[in-house]
Amino acid sequence: MNNLLAGKTGIIFGVANKRSIAWSCAQSLASQGMRLAFTYMGERLERSVRELATEMPNSLCLPCDVTKPEQVEEVFRVLKAEFGGLDAIVHAVAFAKREELQGDFFHTSREGYIIAHEISAYSLTQIVRTALPLMEGRDGSIVTLTYIGGERVVPNYNVMGIAKAALEASVRYLAHDLGPRGIRVNAISAGPIRTLSASGVSGFTDILDHIAQKAPLRRNITAEEVGDTCLFLVSPHSRGITGSVLYVDAGYHVMGV
Ligand code: 0WD
């Protein structure tokens, strides 16, 4: 089984480096023959994303800051010209100011609240709306990344938890809107993984230790495990699933204490 996605195309938002969950998703999708485009956030990340993308035949790399609607539009204009159509979107983008990811949630500033929501939640809706003309009539699949901090309190996760709650609700509304067009929308709620973004969450190492002791599988998860679940959600094997949040967290979400 290595050509499940042959002839299909996808775009991945949120690769920063080889530790990014988005990169593991890309590897899983490419392993099944999907042709991929990557976006990078600013010149700072361009080199590392372009370098990684050389591993993927026929891939594209495009700049995209999701706070700039004209850049999102340009991405899909180029994709239309290069790919013709689009079968999958992986949205693995999130941001909150470092000072908002520690201490009391009630200190969250208006500006910090808006930034976190714009980048981490609204961007999915904006991307989906802009991509829609390319996805019509292809039984497409859209996957985003969330965290249990969007439904339970995880100290220090703060405003990002509120943004993830909005993101998960967006998944349900988008699934309702796009279902009649045959397009599915789901989220993966991943357990903690040491990435660039995760390093901004205060006390992250303690969270990893806690999961290793308490999760049913008594371990943390890997980005590769998230990538393979992304492959499942993009592939026809999950054709009956939409509007869902799937947990890739070694079972941690079932625990009461
Ligand atoms: O423990 C974890 N790492 C978990 C991450 C557990 C559960 C969920 N997630 C989620 C994150 O919240 C995010 O939605 O997975 C997604 C991917 O996160 P990641 O792989 O942990 O982090 P990282 O490799 O840092 O990629 C996120 C990227 C940004 O990286 P940096 O580190 O430069 O902030 O999101 C992108 C950027 O590439 N990003 C943007 N992209 C476009 N426009 C923007 C923006 N304005 N801001 C950030």
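Structure shown above.
Attention in this report is confined to the structure presented alongside it.

Cut-off values and rules
Residues numbered from 1 in each chain as written. Predicted model: local features only at pLDDT ≥ 70, side-chain atom pairs only at ≥ 80, totals over all residues. Heavy atoms only, no water. Helix = DSSP H or I, 4+ residues; strand = E, 2+ residues; numbered from the N terminus. Rg over C-alpha atoms; globule rule 2.2 N^0.38 Å. Buried < 20%, exposed > 50% of the residue type's maximum accessible area, 1.4 Å probe, protein only. Pairing = 2+ DSSP bridges. Axes fitted to C-alpha atoms, helices over the stretch in contact; angles between N-to-C directions. Contact = heavy atoms within 4.5 Å. Salt bridge = Lys/Arg side-chain N within 4 Å of Asp/Glu carboxyl O. Patch = residues over 30% accessible without salt bridge, like charges linked within 9 Å, V, L, I, M, F, W, Y side chains within 5 Å. Areas by Shrake-Rupley, 256 points an atom, 1.4 Å probe, with all protein chains shown as cover. Phe/Tyr/Trp six-rings, centres within 6.5 Å; stacked < 30°, edge-to-face > 60°. Near = heavy atom within 4 Å. Polar contact = N/O pair within 3.5 Å; in protein donor to acceptor, adjacent residues only side chain to side chain. Parallel < 35°, antiparallel > 145°, perpendicular 65-115°, else oblique. Left-handed = near helix turned anticlockwise from the far one by under 90°.

1. A short note on the overall build of the protein
Consideration 1: Within the protein, the regular secondary structure consists of 7 helices and 7 strands.
Consideration 2: Listing the helices and strands of the protein from first to last along the sequence gives β-α-β-α-β-α-β-α-β-α-β-α-α-β.
Consideration 3: On C-alpha atoms alone, the protein measures out to a radius of gyration of 17 Å, which is about the 18 Å that the 2.2 N^0.38 rule sets for 257 residues.
Consideration 4: The principal-axis extents of the C-alpha atoms in the protein amount to approximately 45 × 40 × 40 Å.
Consideration 5: Looking at the protein as a whole, 52% of its 257 residues are labelled buried.

2. Observations concerning the sheet that holds strand β6 (residues 184–190)
Consideration 1: In space, the 7 strands of this open sheet follow the order β3-β2-β1-β4-β5-β6-β7, with parallel pairing throughout. With partners counted over all chains shown, the strands left at the sheet margins are β3 (60–63) and β7 (245–248), one partner each. Averaged over all pairs of adjacent strands, the angle between strand axes in this sheet comes to 20°, irrespective of strand direction.
Consideration 2: Of the strands in this sheet, β1 (9–13), β2 (35–40), β4 (88–91) and β5 (141–146) touch helix α1 (residues 21–31), which is tilted by about 165° from β2.

3. A few points about the pattern of salt bridges
Consideration 1: Here the structure, examined in full by the defined rule, presents 8 salt bridges.
Consideration 2: Of the charged contacts in the structure, one is a salt bridge between D65 and K68, with a shortest N-O distance of 3.5 Å.
Consideration 3: Linking R219 and E225 is a salt bridge whose minimum nitrogen-to-oxygen distance equals 2.9 Å.
Consideration 4: Assessed through its relative accessible area of 33%, R219 is described here as partly exposed.
Consideration 5: Its relative accessible area of 26% is what places E225 among the partly exposed residues.

4. What to know about a nonpolar patch on the surface
Consideration 1: A surface patch of nonpolar side chains, about 330 Å² in accessible area, is lined by F105, Y113, I114 and I162.
Consideration 2: Among the secondary structure elements, I114 is positioned in helix α4 (residues 110–135).

5. With respect to the packing of aromatic side chains
Consideration 1: Taken as a whole and judged by the stated rule, the model has 3 aromatic pairs.
Consideration 2: Measuring from centroid to centroid gives 6.2 Å for F13 and F76, while their planes differ by 40°, and the two rings are tilted. In this pair, F13 sits in strand β1 while F76 sits in helix α3 (residues 69–83), placing the two residues 63 residues apart along the sequence.
Consideration 3: For F76, a relative accessible area of 3% puts it in the buried group.
Consideration 4: Ring geometry for W23 against F38: centres 5.8 Å apart, planes inclined by 45°, an arrangement best described as tilted. Note that W23 is positioned in helix α1 and F38 in strand β2, a separation of 15 residues in sequence. By the burial criterion, W23 is buried, and F38 matches it.

6. Observations concerning the site of the ligand
Consideration 1: Close to the ligand lie 29 residues, the nearest being S20, K164, I193, T195 and S197.
Consideration 2: At 2.9 Å, a backbone N or O of I21 approaches an oxygen atom of the ligand.
Consideration 3: Within the side chain of S197, an N or O atom sits 2.5 Å from an oxygen atom of the ligand.
Consideration 4: Starting from 860 Å² of accessible surface for the ligand in isolation, the protein chains cover 93%.
Consideration 5: Secondary structure elements with two or more residues in the shell around the ligand: α2 (42–53) and β5.

7. Let's talk about the packing of α3 against α4
Consideration 1: Contact geometry for α3 and α4: axes closest at 10 Å, N-to-C directions at 25°. For the element pair α3 / α4, the angle class is roughly parallel. Between α3 and α4 lies a crossing of right-handed hand. Contacts from P69, V72, E73, F76, L79 and K80 in α3 reach Q126, I127, T130, A131 and L134 in α4.

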